[in-house]
Amino acid sequence: MNSSSIGEFPATRLRRLRQSPALRRLVAETHLSVGQLVLPLFACPGKKIRRPISAMPGVFQLSVDELVKEAARAQQLGVPAVLLFGIPAKKDERASGAYAANGIVQTAIRALKKELPSLLVITDVCLCEYMAHGHCGLVARRDRSGRVLNDPTLELLARTAASHAAAGADLVAPSDMMDGRVRAIRARLDGEGFIDTPIMSYAAKFTSAFYGPFREAAESTPHFGDRRSYQMDPANANEALREVALDVQEGADIVLVKPALAYLDILHRVKTEFGLPTAAYNVSGEYSMVKAAAARGWLDERAVTLESLLAMRRAGADILITYAAMDAARWLQE
Ligand code: PBG
């Protein structure tokens, strides 16, 4: 006997709470708002360059002057943060462009901080875009297996992160997946006086075919081997929790799960287990699939994009990194 039921009428009709938009909003468990969005941007050398990335419609390699304009448009729409990637003029076997004081990302950071001081600038800390071979770490001479030299790489990652902080980055985001890099970066930042610069670590980053279009954008496709020796096996969820636990111990302030849509279970478990601010990276392949289907009229781009972002929020993401940030911001305002 249910005390709230009267006679033969059942009291458990969920439809009651779905009768109007206002009521639905009132009882919604998850909300999507522009303040949660982060827009990735690709900085390249030169002036007045806005080079389309063919596999990612609406995304461009931008020279710093154009990148500042793009960031200003995003900020105008309410997007609070950008995530910077760099395409250097030259690549080498030590990724020197990654930690050069006047490297492409360092230059972009300074320009953004000068022109748009209240925009949050997050930087991707990785070596793959700067390495001649395209791997995320140092590789032994003549080794073509795709294995990276974990420990010697840490020093270069730490230098890269510190050079970003010195240029004015608000947050650094290591995406390389070397073991021990959060500790190495934290120690270096602290040692150079950047004790208040938080680390958002790509804590659970899987080896994924969904990164395909990004590698065109960042020109970072490995020339040999693959990233399986340092990125995670898509089969493993418990291991993802161990990866996150290590990064948390080492001092990560925000943890990130990547990709997002095929890994919502990971997002949920990471948020539930650690309760830390958690970011979802809605990666290039996820973005491009929607764009391609929408261009053929097979999907409603706006509805699918907002539904996907909401699903990431529901799974546990506080922060949504997405190439669709500006579109989403516009749609959310309407
Ligand atoms: C660099 C890096 C990658 C992405 C973000 N940082 C590529 C990779 O690991 O190959 C992918 C982002 C995307 O696909 O949108 N290590």
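Residues numbered from 1 in each chain as written. Predicted model: local features only at pLDDT ≥ 70, side-chain atom pairs only at ≥ 80, totals over all residues. Heavy atoms only, no water.

Quick word on the overall build of the chain
When helices and strands are tallied, the chain shows twelve helices and ten strands. In summary, the chain has a C-alpha radius of gyration of 21 Å against a globular reference of 20 Å for 334 residues, a match within 12%. Across its three principal axes, the chain shows a C-alpha extent of roughly 80 × 45 × 40 Å. Here the chain, with 334 residues, has 53% of them falling under the buried criterion. Partitioning the contacts of the chain with sequence separation of at least 6, the portion at a separation of at least 24 is 74%. Summed over all atoms, the accessible surface of the chain reaches about 15500 Å², with 53% contributed by carbon and sulfur. The centroid of the 41 positive side-chain charges in the chain is displaced by 4 Å from the centroid of its 37 negative side-chain charges. (Helix = DSSP H or I, 4+ residues; strand = E, 2+ residues; numbered from the N terminus. Rg over C-alpha atoms; globule rule 2.2 N^0.38 Å. Buried < 20%, exposed > 50% of the residue type's maximum accessible area, 1.4 Å probe, protein only. Contact = heavy atoms within 4.5 Å. Areas by Shrake-Rupley, 256 points an atom, 1.4 Å probe, with all protein chains shown as cover. Lys, Arg positive; Asp, Glu negative; His and termini not counted. Charge placed at Lys NZ, Arg CZ, Asp CG, Glu CD.)

Thoughts on the site of the ligand
Not every one of the 18 residues close to the ligand is listed here, only the nearest: K205, R215, K258, S284 and Y323. In this structure, a nitrogen atom belonging to the ligand sits 3.5 Å away from a side-chain N or O atom of D124. In the environment of the ligand, an oxygen atom lies 2.9 Å from a nitrogen or oxygen atom belonging to the side chain of R227. Starting from 400 Å² of accessible surface for the ligand in isolation, the protein chains cover 100%. Looking at the shell around the ligand, its residues break down into ten nonpolar, three polar and five charged. (Near = heavy atom within 4 Å. Polar contact = N/O pair within 3.5 Å; in protein donor to acceptor, adjacent residues only side chain to side chain. Nonpolar A, V, L, I, M, F, W, Y, C, P; charged D, E, K, R; others polar.)

Things to note about the nonpolar core
Counting 85 residues, the largest nonpolar core has V82, L84, L112, I266 and M312 as its most contacted members. With sequence-adjacent residues up to four places away left out, L112 is seen in contact with L67, V68, A71, V82, L84, P117, L119 and V121. Listed in part, the 29 residues of the second largest apolar core include I53, F85, A218 and I321. (Core = buried A, V, L, I, M, F, W, Y, C linked by side-chain atoms within 4.5 Å.)

Thoughts on the pairing of strand 3 (residues 60–63)
In strand 3, alternate side chains face the same way, and those of F60 and L62 on one face and Q61 and S63 on the other are all buried. For strand 1 (residues 37–44) and strand 3, the ladder comprises three bridges, and the chain directions are parallel. Bridging across to strand 3, F42 finds its partner in Q61. (Pairing = 2+ DSSP bridges.)

Side note on the side chain of R313
Position of R313 relative to the elements: it lies in helix 11 (residues 301–315). Buried within the structure, R313 lacks any salt-bridge partner; its nearest side chain of opposite charge belongs to D318, at an N-O separation of 4.5 Å. Among the polar contacts made by the side chain of R313, one reaches the main-chain carbonyl oxygen of H31 at a distance of 2.8 Å. Separated by 2.9 Å, the side chain of R313 and the backbone oxygen of A317 make a polar contact. (Salt bridge = Lys/Arg side-chain N within 4 Å of Asp/Glu carboxyl O.)

Let's talk about unusual backbone geometry
Along the chain, K258 connects to P259 via a cis peptide bond; the corresponding omega equals -10°. By the element assignment, P259 lies in the loop between strand 8 (254–258) and helix 9 (264–274). Within the chain, K48 stands out as a residue other than glycine whose phi angle is a positive 55°. Inspection of the secondary structure assignment puts K48 in the loop between strand 1 and strand 2 (50–52). At E219, a position not held by glycine, the phi torsion is positive, near 50°. In this structure, E219 sits in the loop between helix 7 (212–218) and helix 8 (238–250).

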